[in-house]
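Examining the three-dimensional arrangement
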Amino acid sequence: SDNISVLNDKNKEYEIKIMNTKKVNVFEFKTQSEVKSIFLNKTGTKLLVAATFDGDDNLDIYEMDWSQKCRTRITQDKNQDTGPVYGPESKAIFFS
């Protein structure tokens, strides 16, 4: 299975890395936004992230598709959205 790591340095820069079983980077993303939680889908092609992207201090849920090199904002509200997970067959997204 793939290995996910989130690194944080003193300058508030977060780095998300996903490596396959051969230790080859499949995906790498750096951001100065806060990253609270991540969840990889079963096929290993998409990642759910609770983060403060888009210059907002509020945690929202984003779906990142590294094969398409895109990020989609799933939530946009005043609540602090965390703990995203995919439902069965990745057809639904749950979060708290």
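Rules used in this analysis
- Residues numbered from 1 in each chain as written.
- Predicted model: local features only at pLDDT ≥ 70, side-chain atom pairs only at ≥ 80, totals over all residues.
- Heavy atoms only, no water.
- Helix = DSSP H or I, 4+ residues; strand = E, 2+ residues; numbered from the N terminus.
- Buried < 20%, exposed > 50% of the residue type's maximum accessible area, 1.4 Å probe, protein only.
- Contact = heavy atoms within 4.5 Å.
- Areas by Shrake-Rupley, 256 points an atom, 1.4 Å probe, with all protein chains shown as cover.

1. Notes on the overall build of the protein
Summing up its helical and strand segments, the protein has 0 helices and 9 strands in all. Sequence-ordered secondary structure for the protein, helices as α and strands as β, is β-β-β-β-β-β-β-β-β. Considering the protein as a whole, with its 96 residues, one finds that 33% of them fall into the buried category. Within the protein, counting contacts between residues at least 6 apart in sequence, those at least 24 apart form 21% of the total. Looking at the protein as shown, the accessible area adds up to about 6,200 Å², and 47% of this sits on carbon and sulfur atoms.

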